[in-house]
Amino acid sequence: MIESGRAISLDCYAISKSIPKDDLVGTLFVTDILNKSVLLKRYEKALPTARQSMHVSTTVYFPYDFDNPYDGGESVSFSDSGFYKALLFKISSDTPTPEILERIDRDMGLLTLLDSMHSLDPFLFRSRAEQAGIDADINPAYFAISAAEWDKIRVPIREKISKLVAMALGGAGDGKDNQAREQYVERFLTKIWQAQDIEGIEPFVKAMQIPPETAPEIFFAWKAVCYYQVRFGDLVEKLKTLFQWVGHSELCFPIDYIQLSDDQQKNIIARRGLLRSKMREGYIAANHVIDSYEKSYNMFVEKDQPQTFMNFLENAENSYLGLAAHVSVATHSVNLWKWYVEQYGAQMRHTQFVELFDGLTTLYSVELPTDRRAS
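Residues numbered from 1 in each chain as written. Predicted model: local features only at pLDDT ≥ 70, side-chain atom pairs only at ≥ 80, totals over all residues. Heavy atoms only, no water.

## A closer look at the overall build of the protein chain
Here is step 1 of the chain: Across its full length, the protein chain carries 14 helices and four strands.
Here is step 2 of the chain: Looking at the protein chain residue by residue over its 375 residues, the buried ones come to 46%.
Here is step 3 of the chain: Summing over all exposed atoms, the protein chain offers an accessible surface of approximately 19400 Å²; the carbon and sulfur share of this is 50%. (Helix = DSSP H or I, 4+ residues; strand = E, 2+ residues; numbered from the N terminus. Buried < 20%, exposed > 50% of the residue type's maximum accessible area, 1.4 Å probe, protein only. Areas by Shrake-Rupley, 256 points an atom, 1.4 Å probe, with all protein chains shown as cover.)

What follows is the structure, given as structure tokens:
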């Protein structure tokens, strides 16, 4: 999990060690033990009756050995009612001073912001920090994204939003020269990009039939969907290579299988079949969200039929959540598979194969029915 990449894991200790002690901004938290923790996102499929299709939780992992976080530690869910008390006990087992309480309360605000995110991707972390107006208070090392990477993601998103803003405004700004109209559209675009409030863009919000009170979060979710579309596009070829490996019955099987019992071999084969199905389902689901977005967007900008896009925006948060889960799991899986293949080759012995295979099946929530599990 720690090495899964920034979609799922934020290794605060590794980042904080890279920040000079005399840095003006400093580390992320004011509480030292949080600066030595690892934040993890966990994805679980929600119940059919839930409002959102996926449940995302934030876990704070406190390693026993800060310099070797892989050697075990204590994990505490941020949503757990006992989280505050557990954090307080770790800092001060005695009666905490007012100063300690103030530091914890300040850090709880930042943890709440991180918990509100469906992913720890640097682009979204920076976007959420900008939305909250605290980006200047966070060291750029935690965003871990270069100006070139930021622009690579931002430019196509802004282009899409810009076209749609112009369509939604219709005749607004007519009679002005092109430069003035571009400036007019840019003001709207900036407001939507910041996703903080709707002051000054009420005509756009009204034209899109968006409830004013939910508009900022809808705009943020819209931007997030665009972001994951870019991320998914960058990931597709690597993901197909992983799929080819999982789909290959000789490669995706221990090379020394002769040493395994019949039950062990059958267990691997059964789980492999389920893993293939889960991977296929995730890929199809991610493509479905992106296709729905593209079709609704094109209906608006090319055919002047906005209703489908309006419907998409109404469900933007759920679309973003589902897409974030699929892309994050796929990214983690690709990273995990790549590491094992580079270390041991495409064909692995049982010990290494099981480590990788268990990791992939866990990520994709593969579980055999009770009556099919090998004894």
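## Remarks on the side chain of Gln-131
Here is step 1 of the chain: Considering the arrangement of structural elements, one finds Gln-131 in helix H5 (residues 122-132).
Here is step 2 of the chain: Judged by relative accessible area, which is 12%, Gln-131 ranks as buried.
Here is step 3 of the chain: Within the local environment of Gln-131, its side chain forms a polar contact with the side chain of Arg-128, the two groups lying 2.6 Å apart.
Here is step 4 of the chain: Dropping the residues within four chain positions of it, Gln-131 is found in contact with Gln-194, Ala-195, Gln-196, Pro-216, Glu-217 and Phe-220. (Polar contact = N/O pair within 3.5 Å; in protein donor to acceptor, adjacent residues only side chain to side chain. Contact = heavy atoms within 4.5 Å.)

## Overview of the nonpolar core
Here is step 1 of the chain: Judged by nonpolar contacts, the single largest core of 104 residues is most densely connected at Phe-219 and Trp-222.
Here is step 2 of the chain: Among the elements that make up this core, the one with the highest residue count is helix H10 (residues 215-247) (19 residues).
Here is step 3 of the chain: Sequence-distant contacts of Phe-219, that is, excluding residues within four places in its chain, are made with Ile-192, Ala-195, Ile-198, Ile-201, Phe-204, Val-205 and Ile-210.
Here is step 4 of the chain: Counting five residues, the second largest nonpolar core, distinct from the first, contains Ile-8, Tyr-43, Leu-321 and Ala-325. (Core = buried A, V, L, I, M, F, W, Y, C linked by side-chain atoms within 4.5 Å.)

## Here's the deal with the packing of helix H3 (residues 83-91) against helix H4 (residues 98-116)
Here is step 1 of the chain: Relative orientation of the contacting elements H3 and H4 amounts to 135°, with a least axis distance of 11 Å. With respect to their mutual orientation, H3 and H4 come out oblique. As H3 runs across H4, the sense of the crossing is right-handed. Where H3 abuts H4, its residues Phe-83, Tyr-84, Leu-87, Leu-88 and Ile-91 lie against Ile-100, Leu-101, Ile-104, Asp-105, Met-108 and Leu-111.
Here is step 2 of the chain: Grouping the constituent residues of the contact of H3 with H4 by class yields ten nonpolar, no polar and one charged. (Axes fitted to C-alpha atoms, helices over the stretch in contact; angles between N-to-C directions. Parallel < 35°, antiparallel > 145°, perpendicular 65-115°, else oblique. Left-handed = near helix turned anticlockwise from the far one by under 90°. Nonpolar A, V, L, I, M, F, W, Y, C, P; charged D, E, K, R; others polar.)

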